[in-house]
Amino acid sequence: MRMVDVIQKKRNGQKLTDSEIRFFVEEYTAGTIPDYQAAALMMAIYFKGMSADETAVLTEAMAASGDTIDLSAIEGHIVDKHSTGGVGDKITFITGPLVASVGVPVAKMSGRGLGHTGGTLDKLESISGFHIEMSKEEFISNVNKHKLSVAGQTGNLAPADKKLYALRDVTGTVDSIPLIAGSIMSKKLASGADSIVLDVKTGSGAFMKTLEESKALAQEMVNIGNKLGRNTIAVISDMNQPLGYEVGNANEIKEAAEVLQGKKVEDLRNLGLELAAHMTVLAGAFPSYQEAYQVLEQKLDNGEAFQAFRTFISAQGGDLSMIDDLSRLPAAAHHVEVISDKEGFVAEIDAESIGVAAMYLGAGRATKDDKINHAVGITLNKKIGDAIKKGETIAVLHSEQPNPSDSLSKVKEAYKVSEDKPNKHQLIYEVIK
Ligand code: URA
């Protein structure tokens with residue numbers, strides 16, 4: 001089989017056979033197909049799509065491209081949560097400890113930042129000493145002891161996706177339904193959870209900008225999960241503005257810790273509870289969503305979820321003094337204010353532009369080998385619906401440069417101010433089972 005024929009076939013809009021898909025995944029993982037041919041196929045898939053059957057074969061082949069983790073040594077029904085990627089999305093740091101606080105094991109494999117979205121691993125590494133590379137035995141023992149562990153997609157877990165994920169990031173082929181579905185579900189299948197809750201983002205900061213596309217992605221992933229024996233549901237949630245007020249690595253750890261300590265950041269708190277409630281119901285810990293929600297809310301308010309977060313951070317080597325005193329987290333040299341030149345109400349915040357502005361500051365990667373700066377980021381002072389005066393600070397850039405002009409103009413551009421107070425976006429649109 002020749003890779004060029006596979007590329008041409010997809011370029012011409014034809015369906016690939018199971019063996020062609022497997023050939024590509026196996027040979028690309030083995031290094032015999034070069035990046036430029038893989039990139040060409042990704043672009044052909046981006047434009048021509050894949051059928052549900054092709055996507056399922058791609059997913060299975062990527063899951064089988066390396067080790068599959070057997071988590072049967074973990075006691076209890078293991079649940080995982082995965083977000084399709086957004087801006088300011090630090091929900092894992094809220095749902096993980098919440099679910100762990102009611103005794104349901106969370107064994108999470110996470111990725112690094114992709115495009116304008118941040119990555120869970122990069123954020124956790126803002127905490128000195130925190131390690132995400134661990135042996136399978138350590139991972140299992142952490143989950144058994146503390147009910148929560150987050151590991152990097154290290155070693156040999158879905159290596160095909162690891163290579164493709166990095167390649168897509170720099171070739172403009174991220175926002176494709178079959179590629180995202182295959183990427184996410186291959187990792188989920190290989191990483192062994194019994195049940196999966198997908199947080200599918202929709203809106204300006206999501207890879208899928210419209211509700212229709214997001215629903216299609218959610219449905220595709222739910223079908224793959226259920227077909228391949230995992231109890232899977234998807235929650236479609238809003239990404240028309242960043243989640244919470246903080247964007248960047250250390251910034252997001254700080255905000256998540258504050259929410260776990262009782263700070264009422266409405267969207268973070270509500271989405272965290274919503275996802276945690278679905279996770280615990282799927283795990284059989286509660287008979288109904290309502291009961292789960294009520295108990296989880298208590299765990300958040302009485303500090304038990306925060307204690308579960310501290311335990312998790314310290315079990316993976318993280319310096320707890322940075323959590324107990326959040327001012328010890330990495331901080332940037334300069335704080336540059338973005339000033340409004342209009343008066344009215346914030347009508348829109350283009351989340352993708354905020355993500356790109358954070359990437360320009362160094363919080364994300366423009367190319368796959370870029371190094372992350374954990375200290376830089378953006379604090380939004382205003383969210384959709386907030387009143388704003390001329391001369392008021394809209395946002396603060398945490399920057400290593402005194403004049404980060406590219407980021408500054410990107411943040412300014414992201415904000416649309418209107419005379420009338422706009423309607424707020426819904427936070428949760430739909431649950432797909
Ligand atoms: N998250 C993933 O794991 N893969 C994608 O392709 C997009 C978001």
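In the annotation of an unreviewed UniProt entry, the protein is listed under the name Pyrimidine-nucleoside phosphorylase and assigned to Sediminibacillus halophilus. In the Subunit (unreviewed entry) part of its UniProt record, the protein is described as follows: "Homodimer." The UniProt entry for the protein carries the following text under Cofactor (unreviewed entry): "K(+)".

S.K.: How would you sum up the site of the ligand? Please name residues and give values.
M.R.: Near the ligand you find 10 residues, and of these Thr84, Tyr165, Arg168, Ser183 and Lys187 are the closest. Between the ligand and the protein, one listed contact pairs an oxygen atom with a side-chain N or O atom of Arg168 at 2.8 Å. Within the contact set of the ligand, a nitrogen atom lies 2.6 Å away from a side-chain nitrogen or oxygen of Ser183. Coverage of the ligand by the protein amounts to 96% of the 240 Å² it exposes when considered alone. Where the shell around the ligand is concerned, the elements lending two or more residues are helix 8 (159–169) and helix 9 (177–190).

S.K.: I'd like a rundown of helix 1 (residues 3–11), residues and numbers included.
M.R.: Listed in full, the buried residues belonging to helix 1 are Met3, Val6, Ile7, Lys9 and Lys10. Buried residues of helix 1, seen end-on, are gathered within an arc of 160° and therefore sit on one face of the element. The elements touched by buried residues of helix 1 are helix 2 (18–30), helix 3 (35–48) and helix 4 (52–63). Note on helix 1: the residue one or two positions beyond its end, Gly13, has a positive phi of about 85°.

S.K.: Pulling in residues and values, what's your account of the domain arrangement of the protein?
M.R.: Parsing the protein into structural domains produces domain 1 (3–49), domain 2 (79–324) and domain 3 (330–418). Computed from C-alpha atoms alone, the centre-to-centre distance between domain 2 and domain 3 is 24 Å. Across the interface of domain 2 and domain 3, roughly 2200 Å² is buried in total on both sides, 54% from carbon and sulfur atoms. By the criterion of area lost to domain 3, the three top residues of domain 2 are His116, Gln241 and Tyr245, representing 25% of everything that side buries. Scanning the region where domain 2 abuts domain 3 turns up three salt bridges. When the shortest N-O distance is used, the salt bridge between Lys383 and Asp267 registers 3.0 Å. Where domain 2 packs against domain 3, one counts 13 residue pairs in polar contact (both at pLDDT 80 or more). Of all the secondary-structure elements, those providing two or more residues to the side of domain 2 that touches domain 3 are helix 8, strand 6 (246–248) and helix 11 (249–260). Among the residues forming the side of domain 2 that touches domain 3, the class breakdown is 10 nonpolar, 12 polar and seven charged.

S.K.: Go over the sheet that holds strand 10 (residues 387–388) with me, naming the residues and quoting the values.
M.R.: Here we have three strands laid out as an open sheet, ordered 10-8-12, and antiparallel in their pairing. Only two strands of the sheet have a single neighbouring strand rather than two, namely strand 10 and strand 12 (415–418). In the sheet, strand 8 (residues 344–349) pairs with strand 12 via four bridges, with the strands oriented antiparallel. Across the sheet, the residue bridging to Val346 is Val417, located in strand 12. The strands touched by helix 17 (residues 405–414) are strand 8 and strand 12; relative to strand 12, the strand with the most contacts, the crossing angle is about 40°.

S.K.: Mind laying out the packing of aromatic side chains, listing which residues take part and the relevant values?
M.R.: We describe a pair of aromatic rings using the distance from one ring centre to the other and the angle between the two ring planes. Overall, the coordinates contain five aromatic pairs when judged by the stated rule. Centre to centre, the rings of Phe130 and Phe312 are 5.6 Å apart; their planes meet at 70°, and the pair counts as edge-to-face. Here Phe130 is found in the loop between helix 6 (120–124) and helix 7 (136–146), whereas its partner Phe312 is found in helix 14 (residues 304–315), with 182 residues between them in sequence. Take Phe130: its relative accessible area is 6%, and that puts it in the buried class. Among the residues examined, Phe312 registers a relative accessible area of 3% and is labelled buried. Between Phe309 and Phe312 the ring centres are 6.3 Å apart and the planes differ by 50°, which places this aromatic pair in the tilted class. Residue Phe309 and its partner Phe312 are located together in helix 14, separated by three residues, close to a single helical turn. Like Phe309, the residue Phe312 is buried in the burial classification. By way of ring pairs, the aromatic residues Phe130, Phe309 and Phe312 are connected into one cluster.

Thresholds applied
- Residues numbered from 1 in each chain as written.
- Predicted model: local features only at pLDDT ≥ 70, side-chain atom pairs only at ≥ 80, totals over all residues.
- Heavy atoms only, no water.
- UniProt positions renumbered as here; feature names shortened; annotations may be inferred.
- Near = heavy atom within 4 Å.
- Polar contact = N/O pair within 3.5 Å; in protein donor to acceptor, adjacent residues only side chain to side chain.
- Areas by Shrake-Rupley, 256 points an atom, 1.4 Å probe, with all protein chains shown as cover.
- Helix = DSSP H or I, 4+ residues; strand = E, 2+ residues; numbered from the N terminus.
- Buried < 20%, exposed > 50% of the residue type's maximum accessible area, 1.4 Å probe, protein only.
- Arc of directions from axis to C-beta.
- Contact = heavy atoms within 4.5 Å.
- Domains from an automatic or database assignment.
- Buried area = accessible area lost by both parts, 1.4 Å probe.
- Salt bridge = Lys/Arg side-chain N within 4 Å of Asp/Glu carboxyl O.
- Nonpolar A, V, L, I, M, F, W, Y, C, P; charged D, E, K, R; others polar.
- Pairing = 2+ DSSP bridges.
- Axes fitted to C-alpha atoms, helices over the stretch in contact; angles between N-to-C directions.
- Phe/Tyr/Trp six-rings, centres within 6.5 Å; stacked < 30°, edge-to-face > 60°.

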